[in-house]
Number of protein chains: 2
Amino acid sequence: MTYCIGMLVDTGLVMLSDSRTNAGVDQVSTYRKMFTFVRPGERAMVLMSAGNLATTQAVVNLLTETKAAEPTEADDPGRTGSAATLLTADDMFDAARVVGSALREIYRRDAKALESQGHEFNASFILGGQIRGQLPRLFHIYSAGNFIEATTDTNYFQLGESKYGKPIIDRVISRSSSLSQAAKCALVSMDSTIRSNLSVGLPLDLAIIKRDECRLHTHLSIDGDNPYFSLIRRRWGEALQEVFSELPNPSW
Amino acid sequence: MTYCIGMLVDTGLVMLSDSRTNAGVDQVSTYRKMFTFVRPGERAMVLMSAGNLATTQAVVNLLTETKAAEPTEADDPGRTGSAATLLTADDMFDAARVVGSALREIYRRDAKALESQGHEFNASFILGGQIRGQLPRLFHIYSAGNFIEATTDTNYFQLGESKYGKPIIDRVISRSSSLSQAAKCALVSMDSTIRSNLSVGLPLDLAIIKRDECRLHTHLSIDGDNPYFSLIRRRWGEALQEVFSELPNPSW
């Protein structure tokens, strides 16, 4: 399984992913699920993946090839103008379309073979980033290559094992939260998920894009001995227990 | 969907269920999922259900019929002695077997017809209670009529939409928690679930069995205007936000 969170706030983007991949409990491995596409000062994008590892690796490979994943006429009837890659896309919507096209290309290659052996074609992505002179944007791209964009009302996306860590995000994060708050919340949400689900695990990859910097402000690998994450884990657990014990007991 | 929690602590049992039933978002109804079987001073049992409503209602109906759900030779080869109902079972293990047998009886009646129309046979139960002179016990009964029992290490069971509300239980409840703490925690867990999932809803049914009383110490219907639940919802939300803002921000 997987847990990834992408959050869009007024001052930028926070992206956090775990790194556990499993095919049954006796085949557990570590694979990074975060990929970055950066031209410093000009554009910065972060892509996170969930689903079948062979599929997501094939998509990412296609995206990093030079002429990768040009939307074809079939993908995008009536489209004119030059084909794009993540590093040449005109805007973030176009970039999301590049990822969707790559997914469709891999679908054409693999889906029939997967299906013939009883496997579903299963891969999804979160793409966040900013291109100079435009606004930061965040997209959730589905297996079929279609996608939705984060808005003021819904300013985050999750992939994978999303339920354990959702209540805390819903309670504390909004579009006006700071990048620090968003990063802190993403880590608390990840901690709750890791505690409840064996298939989500360390190390984590964290990327922060500060609005209008168009580069990766922060790009960290966080392991069990990261001092800040350790502190958050410990204090959050202690504080929850304190708050819980301070709530009045029922009189029944 | 459904959310039910049963907790076994040293001093008794707490059982909490929601009441929302839905077949699609445009067919939402209120059905109680908690059923009680009590002979005051002699035995008290609480049963909570999840799954196909027609199936769980048929099981409960069978359990409330006079000679309901006697384990048959097929269910229980080699069994001797008199047949039991929930109100005559010798011990709680036997009572769990009575529920399992009722499930198997409904399976025999309905599963083929359900399957022929593409529906799965889907029903599960939590049964908690105490019989005088014995210990309080808690069981999770699966669709196949088999079941597991709560232990010191794992002292609670959930049915239905369990993930949103699991982290808080894992953090604050153990076998030595008081009944008040367990009831408070069940309500906080239910609140997190209701906030995150439209298919879980009020009113709630709460039952508390105090060890060795062998009756329902508390049996309440909790609606949106219940003062204690309103207080818990408000204060827990506020406290989480306070605790979160008091956690140090990262320096990245």
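Before reading on, note that the structure itself is shown above.
The shown structure was predicted, so the numbers you read here are calculated from the model rather than taken from an experiment.

Next up on the list: empty space enclosed by the protein. Remark: the empty space left among the atoms is shown by a probe the size of a water molecule rolled over them. Counted by the stated rule, this structure contains 1 cavity of 30 Å³ or more. In this structure, the largest cavity occupies an estimated 190 Å³ of space. Looking at the largest cavity, it is lined by 17 residues, and the ones nearest its centre are A:Pro167, A:Ile168, A:Leu240, B:Pro167 and B:Leu240. For the lining of the largest cavity, the secondary-structure elements that each account for two or more residues are α3 (166-172), α4 (179-196) and α5 (227-246) of chain A together with α3 (166-172), α4 (179-196) and α5 (227-246) of chain B.

On to the relation of the copies chain A and chain B, then. Superposing chain A onto chain B takes a rotation of 180° combined with a translation of 0.0 Å along the rotation axis, leaving an RMSD of 0.0 Å. Viewed as a symmetry operation, the transformation between the two copies matches a two-fold axis. In terms of C-alpha distance to the rotation axis, chain A has A:Tyr164 as its closest residue, with the C-alpha 2.4 Å off the axis. The fraction of interface residues of chain A whose copies in chain B are also interface residues reaches 100%, indicating that both copies meet through the same surface.

So, about the packing of aromatic side chains. Applying the stated criterion across every chain yields a total of 12 aromatic pairs over all chains. Relative to A:Phe147, the ring of A:Phe93 has its centre 5.1 Å away and its plane inclined at 70°; by these criteria the two rings are edge-to-face. With A:Phe93 in helix α2 (residues 92-116) and A:Phe147 in strand β9 (residues 147-149), the pair connects residues that are 54 residues apart, well separated along the chain. Owing to a relative accessible area of 35%, A:Phe93 belongs among the partly exposed residues under this scheme. On the numbers, 6.1 Å between centres and 75° between planes, the contact of B:Phe93 with B:Phe139 is edge-to-face.

Next up on the list: the interface of chain A and chain B. Counting residues at the interface gives 43 residues for chain A and 43 residues for chain B. Regarding the contact of chain A and chain B, the summed buried area is about 4100 Å², with carbon and sulfur atoms giving 69% of it. Per-residue buried area on chain A facing chain B is highest for A:Arg171, A:Phe244 and A:Trp252; these three make up 24% of the total on that side. Taken together, the connections running from chain A to chain B amount to 4 salt bridges. Across the pair A:Lys163 and B:Glu161 runs a salt bridge whose closest N-O atoms are separated by 2.8 Å.

Its 18 residues place the ends of α4(B) 26 Å apart at the C-alpha level, agreeing with the 26 Å of an ideal helix rising 1.5 Å per residue. Burial within α4(B) is extensive, with 15 of its 18 residues counted as buried.

Once that is clear, we can look at the side chain of A:Lys166. With respect to the helices and strands, A:Lys166 occurs in helix α3. Ignoring anything within four residues of it in the chain, the contact list for A:Lys166 reads A:Tyr156, A:Gln158, B:Tyr164 and B:Ser196.

Basis of the calculations
Residues numbered from 1 in each chain as written. Chains lettered and ligands numbered in written order. Predicted model: local features only at pLDDT ≥ 70, side-chain atom pairs only at ≥ 80, totals over all residues. Heavy atoms only, no water. 1 Å grid on protein atoms, 1.4 Å probe; cavity = no way out; pocket = protein on both sides within 12 Å on 5 of 7 lines; lining within 4 Å. Points joined across faces, edges and corners; volume = space filled by probe spheres on them. Helix = DSSP H or I, 4+ residues; strand = E, 2+ residues; numbered from the N terminus. Least-squares fit on C-alpha atoms with pLDDT ≥ 70 in both. Contact = heavy atoms within 4.5 Å. Phe/Tyr/Trp six-rings, centres within 6.5 Å; stacked < 30°, edge-to-face > 60°. Buried < 20%, exposed > 50% of the residue type's maximum accessible area, 1.4 Å probe, protein only. Buried area = accessible area lost by both parts, 1.4 Å probe. Salt bridge = Lys/Arg side-chain N within 4 Å of Asp/Glu carboxyl O. Expected span 1.5 Å × (residues − 1).

Purely geometric stuff here, so don't read any function into it on its own.
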